[in-house]
Amino acid sequence: ILPELMQGLWVTVVATIGGFVLALIVGAIIEAGRRASVRIVRLLCHGYAAFVRCTPLLVQLYFVFYVLRAFGMRFGAMTTGILCLGLHIGAYIAEAYRGAIGAVPEGQRDAAKSLGLSRRATWITVVLPQAMPPMLPPLGNFLIGLFKETPLLAAITVIDLFGAANAIAGRTFKYNEPYTLAALILLAVSLVAAHGVRRLERRFSRPTR
């Protein structure tokens, strides 16, 4: 059963990476919108983040995949999964951005302005380099959490690792082997991802003085 489970693992990894990349972009857009000077943009971004965080991911998957079809909006199962994962986790990643950026002292921006740096240069050379280290731990947690959320995609016919284990169990009526092996594979990948995140944290951490 291992080859079939590994095919499901590949689907899980693709959905996780695709959803996480989209979530990083969505989170940045939401945080930028909440800092915009236009009030309606700020309200829309705040409302979107609140709505997504207050509704279950499973409901969002069903709505996009099944309900929107009645209005002529059809997406493939994998596309729907990546889209919903990215839009859902992006609302949480926006909070990680907000916390990390807010931790940069306001005096840093004032000093950059006094030196004649433009707003863009201030963000690229002053704010973001200081916001990146405290941003990495929550982003790593979101990546691992997103990886463990992918079994929900089985509800919209995406055969990921859990879906493959479920199919094997339904076909062979043996449940211990596929589910146990799937759990061990998920654990192994999660541990590797956690180790990679810790290495990134050590690499980008600010030196202590």
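Residues numbered from 1 in each chain as written. Predicted model: local features only at pLDDT ≥ 70, side-chain atom pairs only at ≥ 80, totals over all residues. Heavy atoms only, no water.

### Some remarks on the overall build of the protein
When you go through the protein residue by residue, the secondary structure sums to 8 helices and 0 strands. Start at the N end of the protein and walk to the C end: the helices and strands fall as α-α-α-α-α-α-α-α. For the protein, the C-alpha atoms occupy an extent of roughly 70 × 50 × 20 Å along the three principal directions. In the form shown here, the protein has an accessible surface area of approximately 12,200 Å², with 68% of it arising from carbon and sulfur atoms. Averaged over its 21 positive side-chain charges, the protein has a centre that lies 7 Å from the centre of its 9 negative ones. (Helix = DSSP H or I, 4+ residues; strand = E, 2+ residues; numbered from the N terminus. Areas by Shrake-Rupley, 256 points an atom, 1.4 Å probe, with all protein chains shown as cover. Lys, Arg positive; Asp, Glu negative; His and termini not counted. Charge placed at Lys NZ, Arg CZ, Asp CG, Glu CD.)

### Concerning a positive patch on the surface
A cluster of like positive charges, contributed by R198, R199, R202 and R203, occupies part of the molecular surface. Among the structural elements, R203 can be located in helix α8 (residues 176–204). (Patch = residues over 30% accessible without salt bridge, like charges linked within 9 Å, V, L, I, M, F, W, Y side chains within 5 Å. Salt bridge = Lys/Arg side-chain N within 4 Å of Asp/Glu carboxyl O.)

### A closer look at the side chain of E31
Tracing the chain through its elements places E31 in helix α1 (residues 2–34). At 2.9 Å, the side chain of E31 forms a polar contact with the side chain of R34. Excluding its chain neighbours within four sequence positions, the residues that come into contact with E31 are A94, Y97, R98 and I101. (Polar contact = N/O pair within 3.5 Å; in protein donor to acceptor, adjacent residues only side chain to side chain. Contact = heavy atoms within 4.5 Å.)

### Side note on the environment of R119
If you trace the backbone, R119 turns up in helix α6 (residues 119–149). Judged by its relative accessible area of 61%, R119 is exposed. Taking the C-alpha atoms as reference points, R119 and R109, separated by 10 residues in sequence, lie 8.9 Å from one another. (Buried < 20%, exposed > 50% of the residue type's maximum accessible area, 1.4 Å probe, protein only.)

### Topic: the nonpolar core
Core analysis: the biggest nonpolar cluster contains 25 residues, and I93 and L153 have the highest contact counts within it. Only α1, α3 (57–67), α4 (77–102) and α6 provide two or more residues apiece to this core. Ranked by residue count, the leading element in this core is α4, at 8 residues. In terms of nonpolar packing, the next biggest core, distinct from the first, is built from 9 residues, L9, A164, A165 and I185 among them. (Core = buried A, V, L, I, M, F, W, Y, C linked by side-chain atoms within 4.5 Å.)

### Things to note about the state of the cysteines
With the rule as written, the count across this model stands at 0 disulfides. With no disulfide partner, C45 has as its closest neighbouring cysteine sulfur the one in C54, 16 Å distant. Overall, the relative accessible area of 13% leaves C45 in the buried class. For C54, a relative accessible area of 64% puts it in the exposed group. (Disulfide = S-S within 2.5 Å.)

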